[in-house]
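Listed below, chain by chain, are the residues.
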There are 2 protein chains.
Amino acid sequence: MTENWDDKKQQAATWFQTLRNDICAEFEKIEEALTGTSKQDLPIGQFERKPWQRDNSNEPNESGSILKGGGEISLMRGRVFEKVGVNISTVHGTFSPEFTKNMKGADQSNGAFWAAGISLVAHMQNPLVPAVHMNTRMIVTSEGWFGGGADLTPMFENDEDTQAFHGALKKACDTHDKAYYPKFKKWCDEYFYLPHRNESRGVGGIFYDYLQSGDWDADFTFTQDVGKAFLACYPQIVRQHMNKEWSAEQREQQLIKRGRYVEYNLLYDRGTTFGLKTGGNTEAILMSLPPEVKW
Amino acid sequence: MTENWDDKKQQAATWFQTLRNDICAEFEKIEEALTGTSKQDLPIGQFERKPWQRDNSNEPNESGSILKGGGEISLMRGRVFEKVGVNISTVHGTFSPEFTKNMKGADQSNGAFWAAGISLVAHMQNPLVPAVHMNTRMIVTSEGWFGGGADLTPMFENDEDTQAFHGALKKACDTHDKAYYPKFKKWCDEYFYLPHRNESRGVGGIFYDYLQSGDWDADFTFTQDVGKAFLACYPQIVRQHMNKEWSAEQREQQLIKRGRYVEYNLLYDRGTTFGLKTGGNTEAILMSLPPEVKW
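All values derive from a computational prediction rather than experimental measurement.

Criteria and thresholds
- Residues numbered from 1 in each chain as written.
- Chains lettered and ligands numbered in written order.
- Predicted model: local features only at pLDDT ≥ 70, side-chain atom pairs only at ≥ 80, totals over all residues.
- Heavy atoms only, no water.
- Least-squares fit on C-alpha atoms with pLDDT ≥ 70 in both.
- Helix = DSSP H or I, 4+ residues; strand = E, 2+ residues; numbered from the N terminus.
- Expected span 1.5 Å × (residues − 1).
- Buried < 20%, exposed > 50% of the residue type's maximum accessible area, 1.4 Å probe, protein only.
- Contact = heavy atoms within 4.5 Å.
- Buried area = accessible area lost by both parts, 1.4 Å probe.
- Salt bridge = Lys/Arg side-chain N within 4 Å of Asp/Glu carboxyl O.
- Polar contact = N/O pair within 3.5 Å; in protein donor to acceptor, adjacent residues only side chain to side chain.
- Nonpolar A, V, L, I, M, F, W, Y, C, P; charged D, E, K, R; others polar.
- Pairing = 2+ DSSP bridges.
- Arc of directions from axis to C-beta.
- Axes fitted to C-alpha atoms, helices over the stretch in contact; angles between N-to-C directions.
- Lys, Arg positive; Asp, Glu negative; His and termini not counted.
- Core = buried A, V, L, I, M, F, W, Y, C linked by side-chain atoms within 4.5 Å.
- Phe/Tyr/Trp six-rings, centres within 6.5 Å; stacked < 30°, edge-to-face > 60°.

**Regarding the relation of the copies chain B and chain A**
(1) Moving on: Under the fitted operation, chain B is carried onto chain A by 0.0 Å of movement along the axis and a turn of 180 degrees, and the coordinates agree to an RMSD of 0.0 Å. Such a turn and shift between the copies fits a two-fold axis.

If you want it as structure tokens, here you go:
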């Protein structure tokens, strides 16, 4: 690593924490703002924070990896957000040769890596409010890059929400590079797809990885802008629908649709499967799973 | 294939169908026999059968495999069995080189295989009744063998059920080879384990694979005996507990425990992950997923 990464790592990790704070504050405001629906009498949700820390041992775990660092889980079960998890983490260590060989820019001699990021999944009480996922991260091996994205999973699609979500992400992309949005939208569509169902997970959004344009500051700003775009558009979508009443049939359909989310995350999601295989924090990784599901 | 497999394949496929019929008949009797609990007023469950057939095309599917043949899904949603699926199938074809290389006895030049089997998963209304899985199969590549097993997943362990289940399987094993039960029990414990949770899926049972002792008839009889042992012990366990009332807390714990079942099947179960990756019948494969789950 010829570049001095220390300052960059610090900046990125600080940003992920700031974004986490802003998102949690906004989501708690939404919890307070509910005025209608059958869930109004439930307690107003508040995030519970749970920090976790690796023991920082130099002994490889069962997967052969050495993982150090830690993170913080923020979990809220509320009356609008049936279950929402917002994780941040800053970890480093070395992956075993088995996992290292698939790692971009991994120094084959030691598999050393550093990673920080924020990861969010929200499952909503109201079937008329879409579920959502957002994640951005910075990774350093012998190279350093950003990755992430956000995608929307409505139970009942409607063009207005889809356009609002995509529009906000497109705007964030276009400020940086007109080629980003079409490329990252397509990547998202391809990534969040369930081949065994011939179904998309939802209506997409953007997905990007290995972003290292050569201008770290620009890439970092872009990653910040993705987070800000999410924060600008998703809460609006929630507020627009959260006070509408729903039917038992709509709830049923929501629970079935959530099954697809589970299938996707456990069968295909790289973060989930790679995280669990390398001995990552199970509670943090599986916080994405919905509160209630039917098959 | 120097042996004449046609007759053996026919015998095995016929057995799996017979066993399916016997199990479904017994489970329907159990549905009728319920006398207590809050679910008694639900309609008495009956199996619905759904045959499926490959188009028998010689065109490889998206995974590069050619799959032919078909099967039958038997699904019941009742007042004792909240959701139980009993699948039989007889399929053949060729796997792509990617999948063939991990196949035992696969002729590397064409990856041809034949497989027949029965697969069963039962998720119960009553948290005091254990969930269960049973599967036996015959596979032919350039070799031919049997595999299968059965394992019990109580929500609340009790020694009596565990001993009854293991006792029946041990008896079936011991009739054939005293070495079978200890070996197949250990294999089961190792197989149905969730490393990311440091948890076993349940209290085990037996698991065996690649059984080709050199005496096909003996191996076939053993596989029949495993099915018969399952049919002799599991219904007894169900009948013993099904009329007991349960608490909301016990139901809650059941729904959480079922989440582990989902995690296991989608993350680790070879039949599920291999089946989905090679373009198997999604509906049949994912019938194992519980009717309702919480995380």
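**Here we look at helix H3 (residues 159-176) of chain A**
(1) Moving on: Spanning 18 residues, H3 of chain A covers 26 Å between terminal C-alpha atoms, matching the ideal 26 Å at 1.5 Å per step.
(2) Moving on: Considered for burial, the residues of H3 of chain A that qualify are Asp161, Thr162, Phe165, His166, Ala168, Leu169, Ala172, Cys173 and Asp174 of chain A.

**Here we look at the interface of chain B and chain A**
(1) Moving on: Contact with chain B, which involves 19 residues of that partner, is made by 19 residues of chain A.
(2) Moving on: Note on chain B versus chain A: buried area summed over both sides is about 1,800 Å², and carbon and sulfur give 65% of it.
(3) Moving on: If you look at where chain B meets chain A, you find 0 salt bridges.
(4) Moving on: Put simply, chain B and chain A have 7 residue pairs in polar contact (both at pLDDT 80 or more) between them.
(5) Moving on: Per-element accounting of the side of chain B that touches chain A gives the leading share, 4 residues, to helix H6 (residues 248-267) of chain B.
(6) Moving on: Each residue belonging to the side of chain B that touches chain A can be placed in one class, and the counts come to 10 nonpolar, 3 polar and 6 charged.
(7) Moving on: Sheet topology note: the strand S10 (residues 292-294) of chain A/strand S10 (residues 292-294) of chain B ladder contains 3 bridges and is antiparallel. Among the inter-strand pairings, Glu292 of chain A is bridged to a residue of S10 of chain B, identified as Lys294 of chain B.

**Section: helix H7 (residues 270-277) of chain A**
For an α-helix, 3.6 residues make a turn, and residues three or four places apart therefore share a direction.
(1) Moving on: For H7 of chain A, every residue scored as buried is listed here: Thr272, Thr273, Gly275 and Leu276 of chain A. Down the axis of H7 of chain A, the smallest arc covering the buried residues is 165 degrees, so these residues share one side.
(2) Moving on: Elements in contact with the buried residues of H7 of chain A: helix H6 (248-267) and helix H8 (282-285) of chain A together with H6 of chain B.
(3) Moving on: By the N-cap criterion, in which a side-chain oxygen at the helix start approaches the backbone nitrogen of a residue two or three places on, H7 of chain A is capped by Asp269 of chain A, the distance to Gly271 of chain A being 3.4 Å.
(4) Moving on: Once H7 of chain A finishes, Gly279 of chain A follows within two positions and takes phi at roughly 80 degrees, a positive value.

**Remarks on the sheet that holds strand S4 (residues 112-124) of chain A**
Residues and elements named next belong to chain A.
(1) Moving on: Pairing in this open sheet of 7 strands is antiparallel, and the strands run S1-S2-S3-S4-S5-S6-S9 from one edge to the other. The strands lining the two open edges of the sheet, one partner per strand, are strand S1 (48-53) and strand S9 (204-211). Averaged over neighbouring strand pairs, the angle between their axes works out to 5 degrees when direction is ignored.
(2) Moving on: Summarising the sheet, S1 and strand S2 (residues 66-76) pair through 6 bridges and their orientation is antiparallel. The partner of Arg49 across the bridge, within S2, is Ser74.
(3) Moving on: Against the sheet, H3 makes contact with strand S5 (131-140), strand S6 (144-153) and S9, and its axis sits at roughly 25 degrees relative to S9, the strand it touches most.

**With respect to the environment of Pro127 of chain A**
All names here are of chain A.
(1) Moving on: Position of Pro127 among the secondary structure elements: in the loop between S4 and S5.
(2) Moving on: Looking at Pro127, the relative accessible area reads 0%, which means it is buried.
(3) Moving on: If near-sequence neighbours (up to four positions away) are discounted, Pro127 is found in contact with Met155, Phe156, Trp246, Gln250, Arg251 and Gln254.

**Considering the side chain of Glu31 of chain B**
Residue and element names in this part refer to chain B.
(1) Moving on: Inspection of the secondary structure assignment puts Glu31 in helix H1 (residues 6-33).
(2) Moving on: Buried and unpaired, Glu31 has Arg79 as its nearest opposite-charge partner, separated by 4.5 Å.
(3) Moving on: A distance of 2.8 Å separates a polar atom in the side chain of Glu31 from the backbone nitrogen of Arg79.
(4) Moving on: A distance of 2.8 Å separates the side chain of Glu31 from the backbone nitrogen of Val80, its partner in a polar contact.
(5) Moving on: Each residue touching Glu31, except ones within four places of it in the same chain, is listed here: Pro43, Ile44, Gly45, Met76, Gly78, Arg79, Val80 and Phe81.

**Some points on unusual backbone geometry**
Residues and elements named next belong to chain B.
(1) Moving on: Even without a glycine there, the phi angle at Asn198 is positive, about 50 degrees.
(2) Moving on: By the secondary structure assignment, Asn198 is in the loop between strand S7 (193-194) and strand S8 (199-200).
(3) Moving on: For Tyr210, which is not glycine, the phi dihedral falls at a positive 55 degrees.
(4) Moving on: As for its position among the elements, Tyr210 is in strand S9 (residues 204-211).

**Considering the nonpolar core**
(1) Moving on: Ranked by internal contacts, the top residues of the largest apolar core, which has 55 residues, are Phe27, Phe81, Met138, Phe165, Phe230 and Tyr234 of chain B.
(2) Moving on: Among the elements that take part in this core, helix H5 (residues 216-241) of chain B stands out by supplying 10 residues, more than any other.
(3) Moving on: Filtering out sequence-adjacent residues up to four positions away, Tyr234 of chain B remains in contact with Phe27, Phe81, Ala122, Met124, Val129, Pro130, Ala131, Val132 and Leu152 of chain B.
(4) Moving on: Counting residues in each nonpolar core, the second largest holds 54 residues, with Val86, Ile88, Leu169 and Cys233 of chain A among its members.

**With respect to the packing of aromatic side chains**
All names here are of chain A.
(1) Moving on: In this structure the tally under the stated criterion is 46 aromatic pairs over all chains.
(2) Moving on: Seen from their ring centres, Tyr191 and Tyr264 are 6.1 Å apart, and the 75 degrees between their planes marks the pair as edge-to-face. Of this pair, Tyr191 sits in helix H4 (residues 180-191) while Tyr264 is found in helix H6, placing the two residues 73 residues apart along the sequence.
(3) Moving on: Assessed through its relative accessible area of 0%, Tyr264 is described here as buried.

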